[in-house]
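Letter by letter, the chains look like this.
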Amino acid sequence: MVVRRRARAILLPLGLYAVSILVVGYFLHEAESGSRGLEAKRALKIQAYGLQQELDATKADRTEWERRVALLRSDQIDRDLLEERARVVLGRVHPNDVVIINP
């Protein structure tokens, strides 16, 4: 009887400690590598950084195109831009231009 009580007094806390250590280990593992863990957070930050770079490039491109469209829509059209567009559309070159044809 005394041996059983003593064994229970030792084994029960050891069993509870072992179970609690396993539970804590499981949660730590999930916190590190789970679908919402630290690794997933790092991957999302990398993806967000890439998307932010793409957004910045697109905004810069849009600003440039808005500036060019504004030059075409104003009361006085920019002569250089008009000449550039006319050459592209008509396929003509100025006599003083140097044309390099790549084979």
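Please read all numbers here as calculations on a predicted model, not as lab measurements.

Rules of the game
Residues numbered from 1 in each chain as written. Predicted model: local features only at pLDDT ≥ 70, side-chain atom pairs only at ≥ 80, totals over all residues. Heavy atoms only, no water. Phe/Tyr/Trp six-rings, centres within 6.5 Å; stacked < 30°, edge-to-face > 60°. Lys NZ or Arg CZ within 6 Å of the ring centre and 35° of its normal. Domains from an automatic or database assignment. Contact = heavy atoms within 4.5 Å. Buried area = accessible area lost by both parts, 1.4 Å probe. Salt bridge = Lys/Arg side-chain N within 4 Å of Asp/Glu carboxyl O. Helix = DSSP H or I, 4+ residues; strand = E, 2+ residues; numbered from the N terminus. Buried < 20%, exposed > 50% of the residue type's maximum accessible area, 1.4 Å probe, protein only. Expected span 1.5 Å × (residues − 1). UniProt positions renumbered as here; feature names shortened; annotations may be inferred. pLDDT = per-residue confidence, 0-100. Axes fitted to C-alpha atoms, helices over the stretch in contact; angles between N-to-C directions. Parallel < 35°, antiparallel > 145°, perpendicular 65-115°, else oblique. Nonpolar A, V, L, I, M, F, W, Y, C, P; charged D, E, K, R; others polar.

**Section: the packing of aromatic side chains**
Then, number 1: This model, assessed by the stated rule, comprises one aromatic pair.
Then, number 2: Here R68 stacks its cationic end above the ring of W65, 5.4 Å away from the centre of that ring.

**Some words on the domain arrangement of the protein chain**
Interface size, as often reported, equals the accessible area lost upon joining of the parts.
Then, number 1: Parsing the protein chain into structural domains produces domain 1 (1-33) and domain 2 (35-87).
Then, number 2: With centres defined by C-alpha atoms, the gap from domain 1 to domain 2 works out at 59 Å.
Then, number 3: Listed by partner, the interface residues are four residues for domain 1 and five residues for domain 2.
Then, number 4: Here domain 1 and domain 2 share an interface that buries about 340 Å² over both sides, 34% of which is from carbon and sulfur atoms.

**Here we look at the pattern of salt bridges**
Then, number 1: This structure, assessed with the given rule, holds five salt bridges.
Then, number 2: A salt bridge links R62 to E66, with the shortest nitrogen-to-oxygen separation between them at 2.8 Å. With R62 and E66 both in helix α2 (residues 38-73) and four residues apart, the pair spans about one turn of that helix.
Then, number 3: By relative accessible area, R62 is classed as exposed at 57%.
Then, number 4: For E66, a relative accessible area of 44% translates into the label partly exposed.
Then, number 5: The salt bridge partner of R68 is E84, with a shortest N-O separation of 3.4 Å. Residue R68 is found in helix α2, and its partner E84 is found in helix α3 (residues 79-90); the two are separated by 16 residues along the sequence.

**Here's the deal with α3**
Since the α-helix packs 3.6 residues into each turn, any two residues three or four apart lie on the same face.
Then, number 1: Between the first and last C-alpha of α3 there are 16 Å, a value that for 12 residues agrees with the 16 Å anticipated at 1.5 Å per step.
Then, number 2: Of the residues trailing α3, G91 is marked for its positive phi of about 75°.

**Considering helix α1 (residues 2-33)**
Then, number 1: Taking 1.5 Å per residue as the helical rise, α1 with its 32 residues ought to reach 46 Å, and the 47 Å between its terminal C-alpha atoms agrees with that figure.
Then, number 2: Among the 32 residues that make up α1, zero are buried, leaving the element largely open to the surroundings.

**Topic: the UniProt feature "transmembrane region" (unreviewed entry) in the protein chain**
Then, number 1: UniProt's entry tags residues 9-28 with the feature "transmembrane region" (unreviewed entry), counted in the numbering of this structure.
Then, number 2: Along residues 9-28 the backbone is 100% helical and 0% strand, and the end-to-end C-alpha distance reaches 29 Å.

**Looking at the confidence of the model for the protein chain**
Reading predicted coordinates in detail is not appropriate for stretches of low pLDDT.
Then, number 1: Chain-level pLDDT for the protein chain is 87 on average; 98% of the residues reach the 70-or-more range.
Then, number 2: The lowest-confidence element of the protein chain is α3, averaging 81 in pLDDT; the highest-confidence one is α2, averaging 92.

**Considering the packing of α1 against α2**
Then, number 1: Interhelical geometry of α1 versus α2 gives an angle of 10° and a closest axis separation of 3 Å. Here α1 is positioned roughly parallel relative to α2, judged by the angle of their axes. In this structure, α1 uses A31, E32 and S33 to contact α2, whose residues at the interface are L38, E39 and R42.
Then, number 2: Here the contact of α1 with α2 is built from residues that sort into two nonpolar, one polar and three charged.

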